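If you want the building blocks of each chain, they are given just below.
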Amino acid sequence: MKRGGVGGSGGLDSIRTRILAAIAMRDYQHARDLLELAEGFTQQERDRLAWAITAAERGLTPFLEGALPHIFKADPGHFAEDTAEARELIQTTVTQANYAGIREKGDLVYARIVGTGAQIWVYVRDGAIRNGGCNLVPRSVEQLLR
Amino acid sequence: MATMDAEHAYRAVVEFLDEHWRRRPVPGDFGDFASFCSYIPGVGTADPAMWTDWLAWVKKVQTGELVPRNTGRRGSLAAEMMPPLSPEQAYLAMFAFIEEYWSVVSRPAEIRDLLGRMRYTPGAGTADPEMWKRWIAAVEKVQGNR
């Protein structure tokens, strides 16, 4: 028997909004249920939302939604695509161990070197990720803070 | 006033943004943008994509051709490819560079207000005459430091 899915009449934007609202309400199980029942998402979008639920559950610093089109783009120093993996690399960089310092204009900077030798860099202000990406040639802490 | 190469013009952009910041040094959407734009000679911009975004708008002002963002093609731009700019050309490139960022990050009011004051009409100048004065001061400061 076909399960009752969501996604038709309300549209994917509406479901996405409901999932994000459930995350904001810390009702993670409801967010997972909505995602499981949703139809029409690409696998990439489904993985990204699943990661968003996990990240919120783990208390990781969230992205500022409006900054996402700047953060994920095929340009130097950035991840070309907005994937769950790229989000995880950025969000898990925001830890005390990776804290580099504060920039003059108020952004907290976090950075770490990953297995490939690349450097993940993240700017945080007011509890949200405002920018971040991946430097193939790592920069020094002094350079990151200037 | 003498022309500038694309790097010196960018230094004038940074000086212009920093002057605006110094007048109201409150962390926010403008401060984020100005922070991402900061420039270390020989290293690049704090957010590496800001440099190639700048060069894309310099090229657009000079040739009419815009290398589109988020295509991976801006990474191949280099300052040496650009002829020198007049202060007016550099101002127009700066305006478009800021406007593109503003439109990508959900059009924050703080940057919209700045753009409103900066808007330039050939023959009439900037909407707020103070903006052109500050721009010329920024250009002179950079040219004086050469």
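These figures come from a predicted structure and were not determined experimentally.

Student: Before we move on, can you summarise the packing of helix α2 (residues 29–37) of chain B against helix α5 (residues 109–118) of chain B with the specific residues and values?
Tutor: Residue and element names in this part refer to chain B. Where α2 meets α5, the closest approach of the two axes is 7 Å, and the angle between their N-to-C directions is 75 degrees. On the basis of the axis angle, α2 is roughly perpendicular to α5. Seen from α2, the contacting residues are D29, F30 and F33; seen from α5, they are E110, I111 and L114. Among the residues forming the contact of α2 with α5, the class breakdown is four nonpolar, no polar and two charged.

Student: So what about the sheet that holds strand β3 (residues 119–125) of chain A? Which residues, and what values?
Tutor: All names here are of chain A. If you trace the four strands from one edge of the open sheet to the other, you get β1-β2-β3-β4, paired in antiparallel fashion. Each end of this open sheet is capped by a strand with a single partner; those strands are β1 (99–102) and β4 (128–135). For this sheet, the mean angle separating the axes of adjacent strands, direction not counted, is 20 degrees. Relative to β4, β3 runs antiparallel, the two sharing seven bridges. When the sheet's bridge partners are listed, Y123 is paired in β4 with N131.

Student: Quick rundown of the packing of helix α2 (residues 28–37) of chain A against helix α3 (residues 43–57) of chain A? Include the residues and the values.
Tutor: Residue and element names in this part refer to chain A. In contact at an axis separation of 10 Å, α2 and α3 are set at 175 degrees when each is read in the N-to-C sense. For the element pair α2 / α3, the angle class is roughly antiparallel. Along its contact with α2, which presents Y28, A31, R32 and L35, the element α3 presents R46, L49, A50, I53, A56 and E57. Within the contact of α2 with α3, the residues separate by chemical class into seven nonpolar, no polar and three charged.

Student: I'd like to hear about the interface of chain A and chain B, residue by residue, with values.
Tutor: Size of an interface, as often reported, equals the accessible area lost when the parts are brought together. The interface of chain A with chain B comprises 21 residues on the first partner and 23 residues on the second. Sort the elements by how many residues they give to the side of chain A that touches chain B and β4(A) lands first, with three residues. For the side of chain A that touches chain B, the per-class residue count stands at four nonpolar, eight polar and nine charged.

Student: Residue-level account of the confidence of the model for chain B, with values.
Tutor: It should be kept in mind that the predicted coordinates are not to be read in detail where pLDDT is low. Of all residues in chain B, 99% attain a pLDDT of 70 or more, and the chain-wide mean is 96. We note a pTM of 0.91 for the whole complex and an ipTM of 0.92 for its interfaces.

Student: Residues and numbers for helix α4 (residues 87–104) of chain B, please.
Tutor: For α4(B), which comprises 18 residues, the first-to-last C-alpha distance of 26 Å matches the rise-based estimate of 26 Å (1.5 Å per residue) to within 8%. Close packing links the buried residues of α4(B) with α1 (6–23), α2, α3 (48–63), α5, β3 (120–121) and α6 (129–144) of chain B.

Student: Account for the pairing of β3(A), with residues named and values stated.
Tutor: Residues and elements named next belong to chain A. β3 sits mainly inside the fold: seven of its seven residues count as buried. Side-chain alternation along β3 places Q119, W121, Y123 and R125 on one buried face and I120, V122 and V124 on a second face that is also buried. Examined bridge by bridge, strand β2 (residues 108–113) and β3 share six bridges and lie antiparallel to one another. Opposite A111, over in β3, you have W121 as the bridge partner. Linkage of β2 to β3, two consecutive antiparallel strands, is achieved through a turn of five residues, within which G117 is found at a positive phi near 95 degrees. In textbook terms, the turn of a hairpin is the stretch between consecutive antiparallel strands, and for β3 and β4 this stretch comprises two residues, one of which, D126, has a positive phi near 50 degrees.

Student: Before we move on, could you go through the environment of B:C37 and cite the residues and values that matter?
Tutor: Residue and element names in this part refer to chain B. By the secondary structure assignment, C37 is in helix α2. On the neighbour-count criterion, C37 (23 C-beta atoms within 10 Å) is buried. When the C-alpha atoms of C37 and E7 are compared, they prove to be 13 Å apart, with 30 residues separating the residues in sequence. Beyond its immediate chain neighbours, meaning those up to four positions away, C37 contacts V14, L17, T45 and M50.

Student: Explain the domain arrangement of chain A to me, using residue names and the numbers behind them.
Tutor: All names here are of chain A. Assigned domains of chain A: these are domain 1 (11–57) and domain 2 (65–145). The straight-line distance from the C-alpha centre of domain 1 to that of domain 2 is 24 Å. Listed by partner, the interface residues are six residues for domain 1 and six residues for domain 2. Partitioned by chemical class, the residues of the side of domain 1 that touches domain 2 number three nonpolar, one polar and two charged.

Student: Residues and numbers for unusual backbone geometry, please.
Tutor: Non-glycine residue A:D126 carries a positive phi angle of around 50 degrees. Following the sequence through the fold, A:D126 ends up in the loop between β3 and β4. We note that B:N70 has phi near 60 degrees; this positive angle belongs to a residue other than glycine. The topology assignment puts B:N70 in the loop between α3 and α4.

Rules used in this analysis
Residues numbered from 1 in each chain as written. Chains lettered and ligands numbered in written order. Predicted model: local features only at pLDDT ≥ 70, side-chain atom pairs only at ≥ 80, totals over all residues. Axes fitted to C-alpha atoms, helices over the stretch in contact; angles between N-to-C directions. Helix = DSSP H or I, 4+ residues; strand = E, 2+ residues; numbered from the N terminus. Parallel < 35°, antiparallel > 145°, perpendicular 65-115°, else oblique. Contact = placed C-beta atoms within 7 Å. Nonpolar A, V, L, I, M, F, W, Y, C, P; charged D, E, K, R; others polar. Pairing = 2+ DSSP bridges. pLDDT = per-residue confidence, 0-100. Expected span 1.5 Å × (residues − 1). Buried ≥ 20, exposed ≤ 12 C-beta atoms within 10 Å, placed from the backbone. Domains from an automatic or database assignment.

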